[in-house]
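Coordinates in review
What follows is each chain in one-letter form.
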Amino acid sequence: MDRTTVVITGMGAVTPLGEDVASTWQAMLAGRSGVRRLEHDWVTELDLPVRIGAEIPFDPASRLDRVQARRMDRNTQLATLAVLEAWADAGYGFGDENEVDGDRLGVCIATGIGGLSTLISAWDTLTDKGVRRVSPFAIPMLMGNAAAGSVALRLGARAGAHTNVSACASANEGIATAVDMLRLGRADVVVAGGTEGVVHPLPLAAFGQMQALSRRNDEPERASRPWDVDRDGFVLGEGSVLFVLERLQNAQARGAKIYGEVSGAGISNDAHDMVQPNPTGETQAMAMTRALAESDLAPTDIVHINAHATSTPAGDPGEAKAIRLALGDATDACVVTGTKSMHGHLLGGAGAIESLATVLALRDRMVPPTINLDNPEPDLAIDIATTPRELAAGDLAGINNSFGFGGANVAVAFTNRYAT
C-alpha cells in the first residue's frame, strides 16, 4: 500500500459557531451552542413543528461580490467563503499570485443535498410567473457539483473537481477521495471538505415527518444531546469547512504550516436499510478498522474519536457499540465526543466540521465537550467527554466517523505527527 504522507496545510470554516476556524474552535472548547430559534417568516406561515436550527451567524452573500453571490446558491456561497480562508491560510495566493500549477491542483467538495433553495425557488418562479422569468443561472446554481466547480474556477484547479454525495458521510468521503488523488499522483495539492446550506422549510418538514428532528423548540441550545436518554432527534445545521491537502515533502519544502496528517480512511456500507443503521454496529466498525489498516495504526494508537453522534435514538447507541467492536479493549483509553451537540448536523458538511475538530483536538491536545449529556444512555461502555478533556503529550491519533442514509459509513484517521 502506498503510504504517501498527506498533510493539512490550510483550513477554512463558516459554521453555526463562527465565521472562521478560530472562532469555531474557540466556541467548541467553550461548549457553546450554535442552535437557535429560526426567525424566518416561513416558520410561522407554514406552521412548522420544528422551529429551531443551527444557521451561520451572518448572511454569506454579504461577504461576497454582489453579482457573484446572486449567481450562487447558499451552498456554494458557504464553500466560497471557506476556501478563501483555507487557501490563504495555506500560504497560497489567488489569481496571478497562485503559484500552484493548475494542472496539478484538484478539488473534492462534497454535499448531501446541494442547491435545494435554488431548485425550489426556480420552480416557484416558473409556476407563479412563467417560463420567461426563470433564471438562466438556475441549473449551474442548483446542480450538485456547483460548489466544487465554482471553487475550481476561482483557483484554476484543472486536475479534477469532484463532488461526493453520500448523504451525511459525504464530506469524509470527499477527504478520502482527495487523499487518493494525492497518493495516486493525480494532483499535488487538493482542496477538500464539504458544504451544506439547506436550513429550509422542505428539509425541516421532511425530516420532521420522519421523526428525525428534535422538537425541543423552547430550549434550542439544549436540543442536540447525543447519547442522552432524553434525546429526540438531530438539529439541522449549515456551513462549510474546507482543507488544503498536500504531500508532506511538498509542504516541508515550502516551509508551510502543518496542522496534522490525514493518515487514511475506511469506507463501508450497511446494506441494511435506507435510513436506519445496522443495529449490530459491525459495518460501522468495519469503516473504522479499514481506516486503521490504511493508516498503519493499531487500535491502541487511537486516543480520540469525534463520533457521528447525531442525537437520534437509534444512531447513538449503535455507534457506541461499533466503537467497541473496532477498538476492543483499547476503547477504554479513547476519549469520545459528539460536537453535533453544539453545531447541529451539517448533513453533507458534517464530516468536514468534525474532522476539523478532530485535527485541532490532536494538535492542541484538547478534546471539545459533548454538551447537554445530562442522563447518559446506560451501558454505552465508551468514555464521553462532557467537559474539555486534555490529551497526553506526544504522537497522537484520532478518528472522525460519518454515517449517512443509504448505509454509507466513512471513518477518517488523523495524526498530529507533523503538526508545526
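Use the structure listed above.
Presented here is an overview of the structure given in this document. Quantities reported herein were computed from a predicted structural model and do not represent experimental measurements.

It is worth spelling out the overall build of the chain at this point. Across its full length, the chain carries 14 helices and 15 strands. For a compact globule of 420 residues, the expected C-alpha radius of gyration is about 22 Å, and the chain comes in at 20 Å, within 12% of that figure. Projected onto the principal axes, the alpha-carbon positions of the chain cover approximately 65 × 55 × 40 Å. The buried share among the 420 residues of the chain stands at 60%. Surface summary for the chain: the accessible area is close to 15900 Å², and the carbon and sulfur share equals 50%. In the chain, the 34 positive side-chain charges and the 51 negative ones have mean positions that sit 4 Å from each other.

The next subject is the packing of helix α8 (residues 170–183) against helix α14 (residues 350–364). Contact geometry of α8 with α14 gives a least axis separation of 5 Å together with a crossing angle of 70 degrees. Overall, the two elements α8 and α14 adopt an arrangement that is roughly perpendicular. Along the contact surface, α8 presents A171, N172 and I175, while α14 presents G351, A352 and S355. Classifying every residue of the contact of α8 with α14 by side-chain character gives three nonpolar, three polar and no charged.

Residues spaced three or four apart along an α-helix point in a common direction, a consequence of the helix completing one turn every 3.6 residues. End to end, helix α12 (residues 315–327) covers 18 Å across 13 residues, agreeing with the expected 18 Å (1.5 Å per residue, within 8%). Of the positions making up α12, those classed as buried are G315, D316, G318, E319, A320, A322, I323, A326 and L327. Where the residues of α12 are buried, they touch α11 (282–295), β9 (302–306), β10 (335–337) and β14 (397–404).

To continue, consider the pattern of salt bridges. The final tally for this structure, using the stated rule, is 23 salt bridges. A salt bridge links R104 to D188, with the nearest nitrogen and oxygen atoms 3.1 Å apart. One end of the pair, R104, is in the loop between α4 (74–89) and β4 (105–110); the other, D188, is in the loop between α8 and β6 (189–196), with 84 residues separating them in the sequence. Looking at R104, the relative accessible area reads 25%, which means it is partly exposed. The exposure class of D188 is partly exposed, given its relative accessible area of 25%. For the salt bridge of R254 with E246, the shortest nitrogen-to-oxygen distance reads 2.8 Å. Residue R254 is classed as partly exposed on the basis of its relative accessible area of 30%.

As a further point, take the nonpolar core. Grouped together as the largest cluster of nonpolar side chains are 48 residues, with contacts concentrated most on I8, M11, F243, L245, V262 and L356. Only β1 (6–14), α1 (21–29), α8, β6, β7 (239–247), β8 (260–269), α14 and β15 (408–415) provide two or more residues apiece to this core. Examining the composition of this core, we find that eight residues originate from one element, α14, more than from any other. With 27 residues, the next largest nonpolar core counts A307, A320, A322 and I399 among its residues.

Put simply, the largest pocket is a space of about 580 Å³. Elements represented by at least two residues in the lining of the largest pocket include exactly α12, β14 and β15. In terms of residue class, the lining of the largest pocket is built from 17 nonpolar, 12 polar and four charged. Of the volumes computed, that of the second largest pocket is approximately 460 Å³. Taken together, 19 residues line the second largest pocket, and the ones lying closest to its centre are R70, T118, S121, S135 and M141. The set of elements that each furnish at least two residues to the lining of the second largest pocket consists of α3 (66–70), α5 (116–129) and α6 (138–142). In terms of residue count, α5 provides more of the lining of the second largest pocket than any other element does, five residues in total.

With that settled, the discussion passes to α4. Taking 1.5 Å of rise per residue, 16 residues should cover 22 Å, and α4 covers 23 Å from first to last C-alpha, within 8% of that figure. Among the 16 residues that make up α4, 12 are buried, leaving the element largely enclosed by the rest of the structure. Listed in full, the buried residues belonging to α4 are N75, T76, Q77, L78, A79, T80, L81, A82, V83, A86, W87 and D89. Buried residues in α4 make contact with β1, α3, β4, α7 (146–155), β6 and β7. The opening residue of α4, the one whose side-chain oxygen lies 2.9 Å from the backbone nitrogen of N75, is D73.

Before going further, it helps to examine a nonpolar patch on the surface. On the surface, M210, M274, V275 and F405 cluster together into a nonpolar patch covering about 360 Å² of accessible area. Considering the arrangement of structural elements, one finds M210 in the loop between α9 (201–209) and β7. Taking relative accessible area as the criterion, M210 reaches 39% and is therefore assigned partly exposed.

With that settled, the discussion passes to unusual backbone geometry. You will see that Q211, though not glycine, has its phi angle at about 65 degrees, which is positive. Counting through the fold element by element, Q211 comes out in the loop between α9 and β7. The backbone of A309 shows a phi angle near 35 degrees, a positive value even though the residue is not glycine. With respect to the helices and strands, A309 occurs in the loop between β9 and α12.

Remark: α4 packs on α7, axes separated minimally by 9 Å, with the N-to-C direction vectors making an angle of 40 degrees. Between α4 and α7, the angle is such that the two are oblique. Regarding α4 and α7, the two cross each other, and that crossing is right-handed. On α7, the residues that touch N75, T76, A79, T80, V83, L84 and W87 of α4 are A146, A147, S150, V151, R154 and L155. Of the residues belonging to the contact of α4 with α7, the class tally is eight nonpolar, four polar and one charged.

Reading guide: rules and limits
Residues numbered from 1 in each chain as written. Predicted model: local features only at pLDDT ≥ 70, side-chain atom pairs only at ≥ 80, totals over all residues. Heavy atoms only, no water. Helix = DSSP H or I, 4+ residues; strand = E, 2+ residues; numbered from the N terminus. Rg over C-alpha atoms; globule rule 2.2 N^0.38 Å. Buried < 20%, exposed > 50% of the residue type's maximum accessible area, 1.4 Å probe, protein only. Areas by Shrake-Rupley, 256 points an atom, 1.4 Å probe, with all protein chains shown as cover. Lys, Arg positive; Asp, Glu negative; His and termini not counted. Charge placed at Lys NZ, Arg CZ, Asp CG, Glu CD. Axes fitted to C-alpha atoms, helices over the stretch in contact; angles between N-to-C directions. Parallel < 35°, antiparallel > 145°, perpendicular 65-115°, else oblique. Contact = heavy atoms within 4.5 Å. Nonpolar A, V, L, I, M, F, W, Y, C, P; charged D, E, K, R; others polar. Expected span 1.5 Å × (residues − 1). Salt bridge = Lys/Arg side-chain N within 4 Å of Asp/Glu carboxyl O. Core = buried A, V, L, I, M, F, W, Y, C linked by side-chain atoms within 4.5 Å. 1 Å grid on protein atoms, 1.4 Å probe; cavity = no way out; pocket = protein on both sides within 12 Å on 5 of 7 lines; lining within 4 Å. Points joined across faces, edges and corners; volume = space filled by probe spheres on them. Polar contact = N/O pair within 3.5 Å; in protein donor to acceptor, adjacent residues only side chain to side chain. Patch = residues over 30% accessible without salt bridge, like charges linked within 9 Å, V, L, I, M, F, W, Y side chains within 5 Å. Left-handed = near helix turned anticlockwise from the far one by under 90°.

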